[in-house]
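Here is what each chain is made of, one letter per residue.
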Amino acid sequence: MASARLPGNCTWATTLRAALPKPKPPNNCRPDAELQNLGYRGGYQTISDYLRPRLRKRIRVVAPAPPSVRQATGWMMRHPEHLGDQERQQLDDILAQCPDLTALHERVRAFAEILTTRSGQHLKDWVTATRAEDLPRLHTFVAGLEKDWDAVVQGLTTRWNSGPVEGRFNHIKMIKRQMFGRAKLPLPRKRVLLTAAQGSHCQQARPPLDKTAS
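Treat the numbers as computed from the prediction; the structure is a model and nothing was measured.

Student: Before we go on, may I ask you to explain a nonpolar patch on the surface in this structure?
Tutor: Side chains of Val165, Phe169 and Ile172 sit close together on the surface and give an oily, nonpolar patch of about 250 Å² of accessible area. Locating Val165 in the fold gives a position in helix α10 (residues 163-179).

Shown next as structure tokens:
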């Protein structure tokens, strides 16, 4: 739509742009009345449609989104040395606002210390301190540990674990899925035995690591 011309070879849009930085007129002042005195012959709706998007252009300051539950959980479960400065600061801000979460974080870090240093002899002290806190979820976790206490203590003390057995189970399941519907039991059985023998042979043939090498 062509802009209506005003005397002096200028448009009503040019006049409005020059007037925008001025103080906002009171509500009872209609801008079309001033423009009509300058020779504008358009309607009020045309001026309103022109001004509306320009008056809405404001600088919006968006606050940073709060960390999610998954992020906070990840910060608590990771080693403090592996956290960045910003992550550590955000975690400290969260813990400062919730005493229960602070107690939970302390119990989690204490258990992680037992787990990584294989100091299962301190597990009893950890359980006693955890039961003294009002943390129902950790109480449930402690009850699960006490159901198989000897095995848990051994797992947190010695270097032996069920990792190789679990790995063999996963390998058998993979072969089972590959052979499903293609052959009867004798062929998958041979594959399982053959791959197990090959894995054992590779372990025996692997040269020992040179610990003196830098």
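Student: Even after reading the chapter, I still don't get the packing of helix α6 (residues 99-117) against helix α7 (residues 123-131), so can you show me in this structure?
Tutor: Packed helices, taken two at a time, are described by the angle their axes make and the gap between the axes. Contact pair α6 / α7: the axes reach a minimum separation of 10 Å and the direction vectors enclose 170°. Viewed along their axes, α6 and α7 adopt a mutual orientation that is roughly antiparallel. In this structure, α6 contributes Arg107, Ala110, Phe111 and Ile114 to the contact, and α7 contributes Leu123, Trp126, Ala129 and Thr130. In terms of residue class, the contact of α6 with α7 is made up of six nonpolar, one polar and one charged.

Student: What is the right way to read the confidence of the model for the protein from this model?
Tutor: Close reading of the predicted structure is inappropriate where its pLDDT is low. With 73% of its residues at a pLDDT of at least 70, the protein reaches an overall mean of 76. Across the protein, the element-wise mean pLDDT spans from 48 in strand β1 (residues 5-6) up to 91 in α7.

Student: Before we go on, may I ask you to explain the side chain of His105 in this structure?
Tutor: Of note, His105 is situated in helix α6. The exposure class of His105 is buried, given its relative accessible area of 15%. Ignoring sequence-local partners within four residues, the contact set of His105 consists of Met76, Leu91 and Leu95.

Student: Would you explain the packing of aromatic side chains in this entry?
Tutor: Think of a pair of aromatic rings as described by two things: how far the centres are apart, and how the planes are tilted against each other in angle. A complete count under the given rule lists three aromatic pairs for this structure. Taken together, a centroid distance of 5.0 Å and an interplanar angle of 55° make the contact between Phe111 and Trp126 tilted. In this pair, Phe111 is assigned in helix α6 and Trp126 in helix α7, connecting sequence segments 15 residues apart. Overall, the relative accessible area of 17% leaves Phe111 in the buried class. Ring centres of Phe111 and Phe141 lie 5.5 Å apart, and the angle between their planes is 85°; on these two criteria the pair is classed as edge-to-face. Taken as a pair, Phe111 in helix α6 and Phe141 in helix α8 (residues 136-147) lie far apart in primary sequence, 30 residues in all. Of the residues examined, Phe141 reaches a relative accessible area of 36% and is grouped as partly exposed. Site record: aromatic cluster; members linked through ring pairs are Phe111, Trp126 and Phe141. Sitting above the plane of the Trp149 ring, Lys124 keeps its charged end 5.4 Å from the centroid.

Criteria and thresholds
- Residues numbered from 1 in each chain as written.
- Predicted model: local features only at pLDDT ≥ 70, side-chain atom pairs only at ≥ 80, totals over all residues.
- Heavy atoms only, no water.
- Patch = residues over 30% accessible without salt bridge, like charges linked within 9 Å, V, L, I, M, F, W, Y side chains within 5 Å.
- Areas by Shrake-Rupley, 256 points an atom, 1.4 Å probe, with all protein chains shown as cover.
- Salt bridge = Lys/Arg side-chain N within 4 Å of Asp/Glu carboxyl O.
- Helix = DSSP H or I, 4+ residues; strand = E, 2+ residues; numbered from the N terminus.
- Axes fitted to C-alpha atoms, helices over the stretch in contact; angles between N-to-C directions.
- Parallel < 35°, antiparallel > 145°, perpendicular 65-115°, else oblique.
- Contact = heavy atoms within 4.5 Å.
- Nonpolar A, V, L, I, M, F, W, Y, C, P; charged D, E, K, R; others polar.
- pLDDT = per-residue confidence, 0-100.
- Buried < 20%, exposed > 50% of the residue type's maximum accessible area, 1.4 Å probe, protein only.
- Phe/Tyr/Trp six-rings, centres within 6.5 Å; stacked < 30°, edge-to-face > 60°.
- Lys NZ or Arg CZ within 6 Å of the ring centre and 35° of its normal.

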